[in-house]
Amino acid sequence: MNRAGLLALQLLIAVVLIGIWHVATTVPIGGVKLLPPFFFSTPYDVGARIVKWLVEGTIWRHLYITLLESVLAFVIGSVAGVMIGFWFARQQLVAAIFDPYIKMMNALPRVVLAPIFALWLGLGIWSKVALGFTLVFFVVFFNVYQGVKEVSPTVLANARMLGMSERQLLRHVYWPSALSWMFSSLHTSVGFAVVGAVVGEYLGSAAGLGYLIQQAEGVFDVAGVFAGMIVLAVFVILIDVLVSMVEKRLLVWRPAPGDARA
Amino acid sequence: MQAASQQLGNAVSLDAVTVAFSVADGGVYTAVERADLSVAAGEFVAIVGPTGCGKSTLLNVAAGLLRPAEGSVRIFGEPLRRLNPQAGYLFQADALFPWKTALENVAIGPETAGVASAEARKNALAWLTRVGLGNFAGRYPHMLSGGQRKRVGLAQVLIRDPKILLMDEPFGPLDAQTRQIMGNLLLELWTADRKAVLFVTHDLEEAIALADRVVIMSAGPNAKIIGDWRVPLARPRDISEIRLEKEFHDLHREIWSVLKDEVLKGYAQSTLAGAAS
Ligand SMILES: Nc1ncnc2c1ncn2[C@@H]1O[C@H](COP(=O)(O)OP(=O)(O)O)[C@@H](O)[C@H]1O
Ligand SMILES: [Mg+2]
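Residues numbered from 1 in each chain as written. Chains lettered and ligands numbered in written order. Predicted model: local features only at pLDDT ≥ 70, side-chain atom pairs only at ≥ 80, totals over all residues. Heavy atoms only, no water.

### Topic: the interface of chain A and chain B
Logical step 1: Each partner contributes to the interface: chain A provides 21 residues, whereas chain B provides 25 residues.
Logical step 2: Summing the contributions of chain A and of chain B, the shared interface buries around 2,200 Å²; its carbon and sulfur component is 66%.
Logical step 3: If you look at where chain A meets chain B, you find zero salt bridges.
Logical step 4: Viewed at the interface, chain B and chain A are joined by nine residue pairs in polar contact (both at pLDDT 80 or more).
Logical step 5: Secondary-structure elements contributing two or more residues to the side of chain A that touches chain B are helix H8 (153-161) and helix H9 (166-184) of chain A. (Contact = heavy atoms within 4.5 Å. Buried area = accessible area lost by both parts, 1.4 Å probe. Salt bridge = Lys/Arg side-chain N within 4 Å of Asp/Glu carboxyl O. Polar contact = N/O pair within 3.5 Å; in protein donor to acceptor, adjacent residues only side chain to side chain. Helix = DSSP H or I, 4+ residues; strand = E, 2+ residues; numbered from the N terminus.)

### Some points on the confidence of the model for chain B
All names here are of chain B.
Logical step 1: On average, residues of chain B carry a pLDDT of 88, and 95% of them reach 70 or more.
Logical step 2: Every residue in residues 1-7 scores below 50 in pLDDT, and together they form four contacts with partners more than four places removed in sequence or on other chains.
Logical step 3: Confidence metrics for the complex model read pTM 0.82 and ipTM 0.88. (pLDDT = per-residue confidence, 0-100.)

### Notes on the sheet that holds strand S8 (residues 196-201) of chain B
Residues and elements named next belong to chain B.
Logical step 1: Read across the sheet, six strands follow the order S6-S7-S8-S3-S9-S10 without closing on themselves; strand pairing throughout is mixed. Lying at the two open borders of the sheet, with one neighbouring strand each, are strand S6 (87-90) and strand S10 (225-230). Neighbouring strand axes in the sheet, compared pairwise and without regard to direction, differ in orientation by 15° on average.
Logical step 2: In this structure, strand S3 (residues 44-48) lies alongside S8, joined through five bridges in parallel fashion. In the strand pairing of S8, Ala46 is matched with Phe199.
Logical step 3: Relative to the sheet, helix H2 (residues 55-63) contacts S3, S6, strand S7 (164-168), S8, strand S9 (213-217) and S10, its axis offset from that of S7 by approximately 155°.
Logical step 4: Across the face of the sheet, helix H5 (residues 146-158) comes into contact with S6 and S7 while running at roughly 170° to S6. (Pairing = 2+ DSSP bridges. Axes fitted to C-alpha atoms, helices over the stretch in contact; angles between N-to-C directions.)

Printed below as a string of structure tokens:
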């Protein structure tokens with residue numbers, strides 16, 4: 001299927017869903033509306049709210065804050081994940097010692113940390129960055145660790161036969177392999193960075209998309225909640241498109257998924 | 001005295017080499033036992049044997065990637081203690097760096113040795129052209145066919161100008177036509193610069209067509225060298241035509257009569273082992 005056709009079908013889904021929503025919340029069937037607008041709002045109200053935000057310009061500051069938190073969480077989490085993942089993979093003893101702690105921390109639901117971060121770092125952006133960091137770090141860490149571990153033994157033997165020293169092996173073999181695994185998990189780690197930021201804002205802050213949604217919920221403003229969710233969804237999709245573009249550039253050497261001649 | 005001077009002339013000499021692997025159940029699997037093999041400088045030797053007999057194992061020993069449990073390995077008369085710096089190794093499995101282009105893959109050898117990047121690349125392009133891939137320099141390995149990847153591998157190894165060339169079923173996965181083309185290419189490169197070649201294959205015809213000597217391994221475990229034939233065919237040879245000559249057929253028949261039993265044994269063993277595990 002070509003791109004235009006695919007896009008048309010994707011839009012069709014949105015149109016159908018919004019249509020159902022519209023009918024169920026505005027057209028009474030047998031005297032009752034299937035979805036009471038008080039709980040479900042209406043597409044029109046939600047759309048009007050988004051337009052209002054855009055026109056008044058209030059939304060931009062919140063978007064900027066959420067974006068800033070996400071980017072910081074992603075960058076700091078990735079750098080730490082790459083460095084520690086690489087170190088652990090090359091130092092088996094270190095990896096073995098820390099193994100149970102890594103597993104424990106990774107299994108911990110990060111939401112419980114949010115209040116603690118708020119306590120430590122205040123209600124500004126850094127408590128959200130910290131929450132996103134704990135999510136991003138582990139994704140990157142595990143992927144880099146795996147990437148170093150799973151270097152093909154043949155490629156490694158070849159590199160050694162070509163005369164590479166230990167340092168050259170790091171640079172030409174382990175490092176590219178680790179990075180390729182990290183890049184292939186880019187969608188997950190970027191997604192987690194946004195999740196960390198929004199959840200952190202939701203649980204206590206003065207700005208950001210999470211804050212916006214939380215405020216609306218506080219006054220039973222369902223249209224505001226939905227509008228916030230839709231803005232967040234579009235934000236996430238735009239970031240994902242960006243990530244796909246970056247990924248395509250970074251992983252040119254990779255066969256496309258489904259290419260049988262891998 | 002005679003033996004000693006003979007040894008000095010050998011690029012590779014394996015003496016009574018035994019290789020054992022510890023296996024999962026705690027036991028020891030002796031893959032190769034007391035194998036003797038020598039390759040003179042500039043000589044092209046082919047090893048043929050049933051699958052799983054230990055051909056790759058012997059090459060790994062000659063490369064210094066694997067330490068034999070017993071026996072000695074000498075490279076130009078010197079005992080081999082670490083990786084063999086004189087050897088270029090063309091592996092059985094894909095060994096190119098997938099994240100480097102064909103050009104970068106070939107240039108990496110000289111670059112590793114400290115040659116300036118621009119010069120290494122120039123040289124690499126010359127080698128890619130020599131193996132017929134001058135127009136594919138910018139491609140990544142996954143964008144190349146199996147035969148093209150093997151050509152890049154060949155260039156990657158030869159650019160370092162090793163004295164010894166170890167090749168492990170390099171044309172194994174290729175189709176018949178490509179194998180012949182690659183065989184002729186290899187002979188052409190080898191004629192221009194005679195390196196000692198240790199060439200592993202499971203294809204007896206290929207071995208006879210290419211080599212000065214054909215060596216046969218018995219089926220494992222405890223595989224050893226059980227036959228050694230000189231190939232009396234004149235050079236230069238054309239792989240596709242040489243198969244039609246009478247001498248070729250005679251030699252093939254003679255070697256096959258020995259090899260056949262081993263192949264059957266090897267097959268029985270591998271299916272037995274498969275059933276047991
Ligand atoms: N790392 C290993 N551990 C245990 N057994 C091995 C190992 N490598 C090879 N073998 C065994 O040694 C034998 C020879 O292997 P190999 O040299 O790869 O055979 P081939 O002649 O097909 O190249 C086989 O039976 C194989 O199962
Ligand atoms: Mg093999």
